[in-house]
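Coordinate analysis (summary)
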Amino acid sequence: MHNHDLPLAPRGAGADQVLAGYLRQQAGDFLRSLRLHGESGADTRSAAEAARALRRSAHRIRGTLHTFRPLLDPAWADQLRTELAWLSGVLAEEHACTARLTRLLDALARLSGTPPVPSARAADGDAG
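Right, let's walk through the structure included here. (Residues numbered from 1 in each chain as written. Predicted model: local features only at pLDDT ≥ 70, side-chain atom pairs only at ≥ 80, totals over all residues. Heavy atoms only, no water.)

So, the overall build of the protein
Within the protein, the secondary structure is distributed over four helices and zero strands. Reading the secondary structure of the protein in the N-to-C direction produces α-α-α-α. Counting the 128 residues in the protein, one finds 28% classified as buried. Counted over contacts in the protein with a minimum sequence separation of 6, partners at least 24 positions apart contribute 55%. (Helix = DSSP H or I, 4+ residues; strand = E, 2+ residues; numbered from the N terminus. Buried < 20%, exposed > 50% of the residue type's maximum accessible area, 1.4 Å probe, protein only. Contact = heavy atoms within 4.5 Å.)

Structure, rendered in structure tokens:
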């Protein structure tokens, strides 16, 4: 993404470059987290860490779009903020499901007398 690719309203040349750079950095963080999330597979700890990083990036981008909305194309900023809010909700649900899975695996381990799954226990510690 180049500075001119960000749909900015025609105001302050310096501010738009700073804003575009920050959003580009956050988008890069988001995409790296998305890749890590896809690569985590059944590793609940890695999936939980990647999901947290995704939510953090989405939150930062949403906040930036809200704060600097007057400098941006409002329709574009609002649409992207809505989509990021939806994604954050999905990731929150995934986090809750991962925590439930961890508790279920721990309960099954206790019932069967086997040691708990290490990655599941680490994810449970992150969930609380």
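Section: the environment of Leu84
Mapped onto the secondary structure, Leu84 falls in helix α3 (residues 74-112). Dropping the residues within four chain positions of it, Leu84 is found in contact with Ala58, Ile61, Arg62 and Leu65.

Thoughts on helix α2 (residues 44-67)
The end-to-end C-alpha distance of α2, which contains 24 residues, comes to 34 Å, matching closely the 34 Å that a straight helix rising 1.5 Å per residue would cover. Those residues of α2 lying buried are Thr44, Ala47, Ala48, Ala50, Ala51, Ala53, Leu54, Ser57, Ala58, Ile61, Thr64 and Leu65. (Expected span 1.5 Å × (residues − 1).)

Quick word on α3
Counted at 1.5 Å a residue, the expected span for α3 with its 39 residues is 57 Å, and the 57 Å between its end C-alpha atoms agrees. For α3, the N-terminal cap is Asp73; the gap from its side-chain oxygen to the backbone nitrogen of Ala75 is 3.2 Å. Gly113 occupies a position one or two residues after α3 and carries a positive phi of about 75°. (Polar contact = N/O pair within 3.5 Å; in protein donor to acceptor, adjacent residues only side chain to side chain.)

Some points on the pattern of salt bridges
Summed over all chains, the structure comprises four salt bridges. The shortest N-O distance in the salt bridge between Arg32 and Asp29 comes to 2.5 Å. Of this pair, Arg32 and Asp29 both sit in helix α1 (residues 13-39), separated by three residues, roughly a single helical turn. The salt bridge partner of Arg35 is Glu39, with a shortest N-O separation of 3.8 Å. One end of the pair, Arg35, and the other, Glu39, are both in helix α1, four residues apart, so they sit about a helical turn from each other. Look at the salt bridges and you will find they share partners, linking Arg69, Asp78 and Arg81 into a network. (Salt bridge = Lys/Arg side-chain N within 4 Å of Asp/Glu carboxyl O.)

Considering the nonpolar core
Residues Leu23, Phe30, Ile61, Leu65, Leu72, Leu84 and Leu91 are the most contacted members of the largest nonpolar core, which totals 13 residues. Those elements giving two or more residues to this core turn out to be α1, α2 and α3. Considering every element that reaches this core, the biggest residue donor is α2, with five residues. (Core = buried A, V, L, I, M, F, W, Y, C linked by side-chain atoms within 4.5 Å.)

Comments concerning the packing of α2 against α3
Between α2 and α3, whose axes approach to 9 Å, the crossing angle comes to 155°. On the basis of the axis angle, α2 is roughly antiparallel to α3. Read as a crossing pair, α2 and α3 show a hand that is left-handed. In contact with Thr44, Ala47, Ala51, Leu54, Arg55, Ala58, Ile61, Arg62, Leu65 and His66 of α2, α3 contributes Trp76, Ala77, Leu80, Arg81, Leu84, Ala85, Ser88, Leu91, Ala92, Glu94, Thr98 and Leu101. (Axes fitted to C-alpha atoms, helices over the stretch in contact; angles between N-to-C directions. Parallel < 35°, antiparallel > 145°, perpendicular 65-115°, else oblique. Left-handed = near helix turned anticlockwise from the far one by under 90°.)

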